[in-house]
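Observations on the model geometry
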Amino acid sequence: MNTVSQPFKNAIIFILFACIIWQPALANKSTAADPELRKLLIKAVNDSSSFKDRFEAEVWLVDMSNRLTPFVPEPEKRLSLLKQIHLEANRAKVHPELVLAVIEVESYFDHFAISSAGARGLMQVMPFWLKEIGRPGDNLFDIHTNLRMGCTILKYYLDRSKGDLVEALQRYNGSLRSNKYSNKVLDRLNKRWFKK
């Protein structure tokens, strides 16, 4: 049963939005809030189907947008990417913050990245998967395709490892019995994406 009234929720949303969006202006009087970012955030929040409600969308998108800025400086691209990550992670039943940590380690948010082994895109999916699923014409540099496949693969390894995150990450990276990769992802997850 929801006991919080809608006007109260709206007031909380406004206060959170104001604190996060205008934070630079409060810290440094010469810095004003970016009106383009504000407009994009409002559009992204109202347009987000993978969230339970607008409040959850606003809080998550604003918070993650601030964290993602060093990697994706353009506000519109950043919000579009976050919405797609959230959508695909939730579709696969994987925490979107884990997906963000994997992407940071795998490609540093370069959707045109290619590894020395030939893995492609944000989540570094191997091209052989396209043939395996009968879709050799799909493009792993396409953000939607890459996220859908990467999140699905990550979820498969989480299930196969019975929720053991270290083992699942080792399997995802193809480095079973080595903690190097899993430690990197967990470090990024704890220091940047799950940071309080």
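Residues numbered from 1 in each chain as written. Predicted model: local features only at pLDDT ≥ 70, side-chain atom pairs only at ≥ 80, totals over all residues. Heavy atoms only, no water.

1. Some details on the overall build of the chain
In terms of helices and strands, the chain carries ten helices and zero strands. Put simply, the chain runs from its N terminus to its C terminus through helices and strands in the order α-α-α-α-α-α-α-α-α-α. A buried classification covers 41% of the 196 residues belonging to the chain. Pairs at least 24 residues apart make up 50% of the contacts formed inside the chain by residues separated by at least 6 positions. For the chain, the accessible area works out to roughly 11,400 Å², and carbon and sulfur atoms hold 56% of it. (Helix = DSSP H or I, 4+ residues; strand = E, 2+ residues; numbered from the N terminus. Buried < 20%, exposed > 50% of the residue type's maximum accessible area, 1.4 Å probe, protein only. Contact = heavy atoms within 4.5 Å. Areas by Shrake-Rupley, 256 points an atom, 1.4 Å probe, with all protein chains shown as cover.)

2. Here we look at the confidence of the model for the chain
On average, the chain scores 82 in pLDDT, and the residues at 70 or more come to 75%. Considering each helix and strand of the chain separately, the mean pLDDT is smallest for helix 2 (residues 23-27), with a value of 39, and largest for helix 6 (residues 96-107), with 98. (pLDDT = per-residue confidence, 0-100.)

3. Observations regarding the side chain of Arg192
Tracing the backbone through its elements, the reader meets Arg192 in helix 10 (residues 180-193). At a separation of 3.1 Å, a polar atom in the side chain of Arg192 contacts the side chain of Glu104. Apart from residues lying up to four places away in sequence, Arg192 is in contact with Arg67, Phe71 and Glu104. (Polar contact = N/O pair within 3.5 Å; in protein donor to acceptor, adjacent residues only side chain to side chain.)

4. Some words on a nonpolar patch on the surface
A grouping of Phe128, Trp129 and Ile133 is seen on the molecular surface, where their side chains present a nonpolar patch of about 280 Å² in accessible area. Its location among the elements puts Trp129 in helix 7 (residues 128-132). Taking relative accessible area as the criterion, Trp129 reaches 31% and is therefore assigned partly exposed. (Patch = residues over 30% accessible without salt bridge, like charges linked within 9 Å, V, L, I, M, F, W, Y side chains within 5 Å. Salt bridge = Lys/Arg side-chain N within 4 Å of Asp/Glu carboxyl O.)

5. Overview of helix 8 (residues 143-160)
Because the α-helix completes a turn every 3.6 residues, residues three or four places apart line up on one side. For helix 8, which comprises 18 residues, the first-to-last C-alpha distance of 25 Å matches the rise-based estimate of 26 Å (1.5 Å per residue) to within 8%. Listed as buried for helix 8 are Thr145, Asn146, Leu147, Met149, Gly150, Cys151, Ile153, Leu154, Tyr157 and Leu158. Where helix 8 terminates, the next one or two residues include Lys162, which has phi positive at roughly 55°. (Expected span 1.5 Å × (residues − 1).)

6. Topic: the layout of surface pockets
Here the largest pocket defines a volume of roughly 260 Å³. In this structure, the largest pocket is lined by 15 residues; those nearest its centre are Gln124, Met126, Tyr172, Asn173 and Gly174. At the level of secondary structure, the elements contributing two or more residues to the lining of the largest pocket comprise helix 7, helix 8 and helix 9 (165-173). The greatest single-element share of the lining of the largest pocket, amounting to three residues, is contributed by helix 9. Looking at the lining of the largest pocket residue by residue, the class counts come to nine nonpolar, four polar and two charged. (1 Å grid on protein atoms, 1.4 Å probe; cavity = no way out; pocket = protein on both sides within 12 Å on 5 of 7 lines; lining within 4 Å. Points joined across faces, edges and corners; volume = space filled by probe spheres on them. Nonpolar A, V, L, I, M, F, W, Y, C, P; charged D, E, K, R; others polar.)

7. As for the nonpolar core
Within the largest apolar cluster, 42 residues are counted, with the highest numbers of intra-cluster contacts made by Leu98, Val99, Val102, Phe109, Met123, Leu154 and Trp193. Residue assignment for this core shows that the elements contributing at least two residues are helix 4 (54-68), helix 5 (75-92), helix 6, helix 8, helix 9 and helix 10. Considering each element in turn, this core owes the most residues, seven residues, to helix 8. Leaving out residues up to four positions away in the same chain, Met123 has contacts with Val99, Val102, Ile103, Glu106, Asn146, Leu147, Gly150, Cys151, Leu154 and Tyr172. (Core = buried A, V, L, I, M, F, W, Y, C linked by side-chain atoms within 4.5 Å.)

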